[in-house]
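Each chain, letter by letter, is given below.
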Amino acid sequence: DFDEIEKQEYENPSGYSVTLPADWALSAETEESSSFISPDGTVALDISNELGGMEYYSLTEIGDMLTRELMDQLFASAKADSTAATNSSYRRTIRGADLDGGEISAVLYISEPFVAVRYYLLFLIDADQSRALSDVVDGVIDSFTVTQDQDQVYQLMRERAEAREEAEAAAEQEESGL
């Protein structure tokens, strides 16, 4: 039960926080993503954010596209189980055999708090643990919170776009030998 386990709070500079089991370790962190793993390796969580992309697709269309990609890339055979969608969130569970033949479950959760701003949570769970950990997955998803207001998030989008443009210009100058 998620309410009864020891927890840790994780806050990312990209403007979100989430509550996780205390024994899950941060395994990677970038400006746009964070990855966690349980001590026994049976659960992996990747959280990423997309600021400013694909606003021409509905949240359900994006979720369905990602479901197909996950099924193609992570599973040898899979079945997309349940889907739940609102105007600002999408959740899908996929179960099946991974490429090595082991049984896994994937839970994809997408939060779209503002236009063109999305946060993705992807849980990969050993199938033997998926039922036992469903309450933990629900608790983590329920705890996910955007910690910045819309203006702050859009400012971050502008800063990232400017930084990408500057990096691309510098790379072009370097390539041309200037």
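Residues numbered from 1 in each chain as written. Predicted model: local features only at pLDDT ≥ 70, side-chain atom pairs only at ≥ 80, totals over all residues. Heavy atoms only, no water.

1. Observations regarding a negative patch on the surface
Together, Glu159, Glu162, Glu165, Glu166, Glu168, Glu172, Glu174 and Glu175 make up a region of like negative charge exposed at the surface. Mapped onto the elements, Glu174 comes out in helix α4 (residues 150-176). (Patch = residues over 30% accessible without salt bridge, like charges linked within 9 Å, V, L, I, M, F, W, Y side chains within 5 Å. Areas by Shrake-Rupley, 256 points an atom, 1.4 Å probe, with all protein chains shown as cover. Salt bridge = Lys/Arg side-chain N within 4 Å of Asp/Glu carboxyl O. Lys, Arg positive; Asp, Glu negative; His and termini not counted. Charge placed at Lys NZ, Arg CZ, Asp CG, Glu CD. Helix = DSSP H or I, 4+ residues; strand = E, 2+ residues; numbered from the N terminus.)

2. Re the pattern of salt bridges
Across all of its chains, the model carries eight salt bridges by this definition. Measuring nitrogen to oxygen at the nearest pair gives 3.8 Å for the salt bridge that ties Glu32 to Arg160. One end of the pair, Glu32, is in the loop between β3 (25-29) and β4 (33-37); the other, Arg160, is in helix α4, and 128 residues separate them in sequence. Residue Glu32 is classed as partly exposed on the basis of its relative accessible area, which comes to 33%. Overlapping salt bridges, with partners in common, bring together Glu32, Arg160 and Arg164 in one network. (Buried < 20%, exposed > 50% of the residue type's maximum accessible area, 1.4 Å probe, protein only.)

3. Details of the pairing of strand β2 (residues 16-21)
Of all six residues making up β2, six are buried, and the element is well covered by its neighbours. Count of turn residues in the strand β1 (residues 7-12)/β2 antiparallel hairpin: three residues, of which Gly15 carries a positive phi of about 100°. In this sheet, strand β10 (residues 145-146) lies alongside β2 in antiparallel orientation, the contact comprising two bridges. Considered in β10, the bridge of Tyr16 is made with Val146. (Pairing = 2+ DSSP bridges.)

4. A word on helix α3 (residues 134-143)
Every buried residue of α3 is accounted for by Val136, Val137, Gly139, Val140, Ile141 and Ser143. Structurally, α3 contributes buried residues whose contacts are with β2, β5 (43-51), β7 (89-98), β8 (103-114), β9 (117-126) and β10. (Contact = heavy atoms within 4.5 Å.)

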